[in-house]
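Examining the three-dimensional arrangement
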Amino acid sequence: MNTPHTLSEFRRGIKEAAPIIIGMIPFALILGAQAARKGMSWLETILMMGLNFAGGSEFAAVGLWHSPLPVLLIIGTTLLINSRHILMGIAFIPFIRHLPLKQLLPALFVMTDESWAMSLTDARKRQKAGLPAFSLPYYFGTALPLYALWVSCGFIGARFGYLLGNVEKLGFGMAFPAVFLVLIRSMWTTWRAAVPWLVSLVVAAASYLMLPHSGWYVLFGTFAGLLAASFGQGGEVE
């Protein structure tokens, strides 16, 4: 692999992911601060954020954190919320199946909704331009800075969050939905392709209303969207 080209692709990933990476800062601070208020040490917080690296399940785990610790409930909820990564990995298979294990495992470890969506969208553009579809350096450019910032800002929130006061009142809660709306729009090619997303949204919302204190809505919404894509053949990322 040509080193100058690798660095160029890595920098391109950082540049294109910069707005999303910046948008994650308040969430990492909030998560760190919430964890500290729940009694988690800063070391426990950064270990959770560094080893799990999946924002939604981390917020759920912190929400369930109390004494005595409901270990099985936290594990089960984490598995349910992170179940979407199974389907994300399946979508990645055509692009990463050729990678050696020493590259594949780190790539999957830092895979998030943001890096996954950006890399698949980039792969579609590269295919249309007649280039090799998947750029691993670009992918790491979107994923690694996000990982580093997520963990470091979580540490700052855990250690110094009390100085920020109640950051949840500042309106940062809209950042997460806004990021995902942008990601969905970047992958939205036709109205037909949007059907699985809409089915997933409706099923997940209905499941959340019926089972508000569990993570089942993630699993139900995920598989509903998958079934809609399978039957309608409209959910593919080209």
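- Looking at an unreviewed UniProt entry, one finds the protein named Branched-chain amino acid ABC transporter permease, with Eikenella longinqua as its source organism.
- In the Subcellular location (unreviewed entry) part of its UniProt record, the protein is described as follows: "Cell membrane".
- Regarding the protein, the relevant UniProt record gives this comment under Sequence similarities (unreviewed entry): "Belongs to the AzlC family."

Considerations on the overall build of the protein
- A count of helical and extended segments in the protein gives twelve helices and zero strands.
- Sorting the 238 residues of the protein into buried and exposed places 44% on the buried side.
- Of the contacts formed within the protein by residues at least 6 apart in sequence, a portion of 78% connects residues at least 24 apart.
- Summed over all atoms, the accessible surface of the protein reaches about 13200 Å², with 72% contributed by carbon and sulfur.

Quick notes on helix 8 (residues 113-128)
- Over its 16 residues, helix 8 runs 23 Å from end to end, which matches the ideal 22 Å to within 8%, given 1.5 Å per residue.
- For helix 8, a buried count of 13 out of 16 residues is recorded, marking the element as mostly surrounded by other parts of the structure.
- Following helix 8 by one or two positions, Gly130 has its phi on the positive side, about 80°.

Here we look at the packing of aromatic side chains
- This structure, assessed with the given rule, holds nine aromatic pairs.
- Note on Phe27 and Phe59: the rings are 6.4 Å apart at their centroids and 90° apart in plane angle, and the pair reads as edge-to-face. Taken together, the residues Phe27 in helix 2 (residues 25-37) and Phe59 in helix 4 (residues 55-64) connect sequence positions 32 residues apart.
- Judged by centre distance (5.4 Å) and plane angle (80°), the rings of Trp42 and Phe155 are edge-to-face.

Digging into the confidence of the model for the protein
- For the protein, the average pLDDT comes to 81, and 80% of its residues sit at 70 or higher.
- Within the model, the stretch residues 233-238 combines pLDDT values under 50 with 14 contacts to residues more than four positions away or in other chains.

So, the UniProt feature "transmembrane region" (unreviewed entry) in the protein
- Following the UniProt record, one finds the feature "transmembrane region" (unreviewed entry) at residues 17-36, 138-158, 170-188 and 194-211.
- Helix makes up 95% of residues 17-36 and strand 0%, and the two end C-alpha atoms of the span are 29 Å apart.
- Between the end C-alpha atoms of residues 138-158 there is a gap of 31 Å, over a span that is 100% helix and 0% strand.

As for the packing of helix 2 against helix 4
- The N-to-C vectors of helix 2 and helix 4 enclose an angle of 20°; their axes lie 10 Å apart at closest approach. By the angle between their directions, the pair helix 2 and helix 4 is classed as roughly parallel. In the crossing of helix 2 with helix 4, the sense of the turn from one axis to the other is left-handed. Taken together, the residues of helix 4 that come into contact with helix 2 (itself represented by Phe27, Ile30, Leu31, Gln34 and Ala35) are Glu58, Phe59 and Val62.
- Its residues placed into classes, the contact of helix 2 with helix 4 shows six nonpolar, one polar and one charged.

What about the packing of helix 6 (residues 84-96) against helix 8?
- The geometry of helix 6 relative to helix 8 is characterised by a closest axis approach of 11 Å and an angle of 25° between their N-to-C directions. With respect to their mutual orientation, helix 6 and helix 8 come out roughly parallel. The interaxial crossing formed by helix 6 with helix 8 has left-handed handedness. Where helix 6 abuts helix 8, its residues Arg84, Met88, Ala91, Phe92 and Phe95 lie against Asp113, Trp116, Ser119, Leu120, Ala123 and Gln127.
- Of the residues assigned to the contact of helix 6 with helix 8, the class counts are seven nonpolar, two polar and two charged.

Points about unusual backbone geometry
- One non-glycine residue, Phe53, lies in positive phi territory at about 50°.
- Within the secondary structure, Phe53 is located in the loop between helix 3 (42-51) and helix 4.
- You can call Phe53 buried: its relative accessible area is 4%.

Observations regarding the pattern of salt bridges
- All chains considered together, the criterion is met by four salt bridges.
- The residue Glu9 makes a salt bridge to Arg12 at a minimum N-O spacing of 2.9 Å. A residue pair is termed a helical-turn pair when its members lie 3 or 4 positions apart in one helix, as Glu9 and Arg12 do in helix 1 (residues 3-23) at three residues.
- One salt bridge connects Glu9 with Arg126, and the closest N-O pair in it is separated by 3.3 Å. Of this pair, Glu9 sits in helix 1 while Arg126 sits in helix 8; the two residues are 117 residues apart in sequence, bridging distant segments of the chain.
- Residue classification places Arg126 among the buried residues on the basis of a relative accessible area of 12%.
- One network of salt bridges, in which partners are shared, links Glu9, Arg12, Glu16, Asp122 and Arg126.

Definitions and cut-offs
Residues numbered from 1 in each chain as written. Predicted model: local features only at pLDDT ≥ 70, side-chain atom pairs only at ≥ 80, totals over all residues. Heavy atoms only, no water. UniProt positions renumbered as here; feature names shortened; annotations may be inferred. Helix = DSSP H or I, 4+ residues; strand = E, 2+ residues; numbered from the N terminus. Buried < 20%, exposed > 50% of the residue type's maximum accessible area, 1.4 Å probe, protein only. Contact = heavy atoms within 4.5 Å. Areas by Shrake-Rupley, 256 points an atom, 1.4 Å probe, with all protein chains shown as cover. Expected span 1.5 Å × (residues − 1). Phe/Tyr/Trp six-rings, centres within 6.5 Å; stacked < 30°, edge-to-face > 60°. pLDDT = per-residue confidence, 0-100. Axes fitted to C-alpha atoms, helices over the stretch in contact; angles between N-to-C directions. Parallel < 35°, antiparallel > 145°, perpendicular 65-115°, else oblique. Left-handed = near helix turned anticlockwise from the far one by under 90°. Nonpolar A, V, L, I, M, F, W, Y, C, P; charged D, E, K, R; others polar. Salt bridge = Lys/Arg side-chain N within 4 Å of Asp/Glu carboxyl O.

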